[in-house]
Amino acid sequence: MIKEAIIKVAKKEDLTYEKSKAVMNEIMDGETSQVQTAAYLIALAMKGETIDEITGSAEGMRSHALQLKHDMEKTFEISQRITKEMCQGNLRKTLTQSV
């Protein structure tokens, strides 16, 4: 799938949402080489991404994302502390204490 996508994008042809999602799934599943991934992403950037290519790729990445459970109250508390300490220039101390 990625080989065909590289050729198509290199010819300045747009990919569909479904094709973009499928290529990103291949990348995220580790089915492509680093060279293929780089070639695809560079060709896409040089052509200029379409909305379908961006949203299809984003959906492919989201489907591989880990779902993290966390305490929103604790997250908010840490965010407030970090913001306060950043303003005071003590971020390194705050981060080591939060972890």
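Residues numbered from 1 in each chain as written. Predicted model: local features only at pLDDT ≥ 70, side-chain atom pairs only at ≥ 80, totals over all residues. Heavy atoms only, no water.

A.B. asks: For this particular structure, what's the right way to read the packing of helix 1 (residues 2–10) against helix 2 (residues 17–28)?
C.D. replies: Any two packed helices are characterised by how steeply their axes cross, that is the angle between the axes, and by the distance between the axes. For the pair helix 1 and helix 2, interaxial distance at closest approach is 10 Å and the crossing angle is 130°. Between helix 1 and helix 2, the interaxial angle falls into the category oblique. Two packed elements cross with a definite hand, and for helix 1 against helix 2 that hand is left-handed. Across from Ile 2, Glu 4 and Ala 5 in helix 1, the residues of helix 2 making contact are Lys 19, Val 23, Glu 26 and Ile 27. Per-class residue counts for the contact of helix 1 with helix 2 are four nonpolar, no polar and three charged. (Axes fitted to C-alpha atoms, helices over the stretch in contact; angles between N-to-C directions. Helix = DSSP H or I, 4+ residues; strand = E, 2+ residues; numbered from the N terminus. Parallel < 35°, antiparallel > 145°, perpendicular 65-115°, else oblique. Left-handed = near helix turned anticlockwise from the far one by under 90°. Contact = heavy atoms within 4.5 Å. Nonpolar A, V, L, I, M, F, W, Y, C, P; charged D, E, K, R; others polar.)

A.B. asks: Sorry if this is basic, but what is going on with unusual backbone geometry here?
C.D. replies: If a residue is not glycine, its phi is most likely negative; likewise, a peptide bond is most likely trans. In this structure, Lys 12 takes a positive phi of about 65° despite not being glycine. By secondary structure assignment, the location of Lys 12 is in the loop between helix 1 and helix 2.

A.B. asks: Even after reading the chapter, I still don't get the pattern of salt bridges, so can you show me in this structure?
C.D. replies: Where charged atoms of side chains with opposite charge meet at close range, the side chains can pair. Taken as a whole, this structure holds three salt bridges when the rule is applied. A salt bridge links Lys 47 to Asp 14, with the nearest nitrogen and oxygen atoms 2.8 Å apart. Pair noted here: Lys 47 is in helix 3 (residues 34–47) and Asp 14 is in the loop between helix 1 and helix 2, with a separation of 33 residues, a long-range link. For Asp 14, a relative accessible area of 44% translates into the label partly exposed. A salt bridge links Glu 53 to Lys 47; the nearest nitrogen and oxygen atoms lie 3.0 Å apart. For the pair Glu 53 and Lys 47, a shared accessibility class is recorded, and that class is buried. Here the salt bridges share partners, and the residues they tie into one network are Asp 14, Lys 47 and Glu 53. (Salt bridge = Lys/Arg side-chain N within 4 Å of Asp/Glu carboxyl O. Buried < 20%, exposed > 50% of the residue type's maximum accessible area, 1.4 Å probe, protein only.)

A.B. asks: Would you mind going over the environment of Met 61 with me for this structure?
C.D. replies: By secondary structure assignment, the location of Met 61 is in helix 4 (residues 51–62). Here Met 61 is in contact with Met 24 and Met 28, once residues within four sequence places are set aside.

A.B. asks: Is there a simple way to think about the side chain of Lys 47 in this case?
C.D. replies: On the accessibility criterion, Lys 47 (15% relative accessible area) is buried. At 2.8 Å, the side chain of Lys 47 forms a polar contact with the side chain of Asp 14. In terms of polar contacts, Lys 47 uses its side chain to reach the side chain of Glu 53, at 3.0 Å. Excluding residues that lie within four positions of it along the chain, Lys 47 makes contacts with Val 9, Lys 12, Glu 13, Asp 14 and Glu 53. (Polar contact = N/O pair within 3.5 Å; in protein donor to acceptor, adjacent residues only side chain to side chain.)

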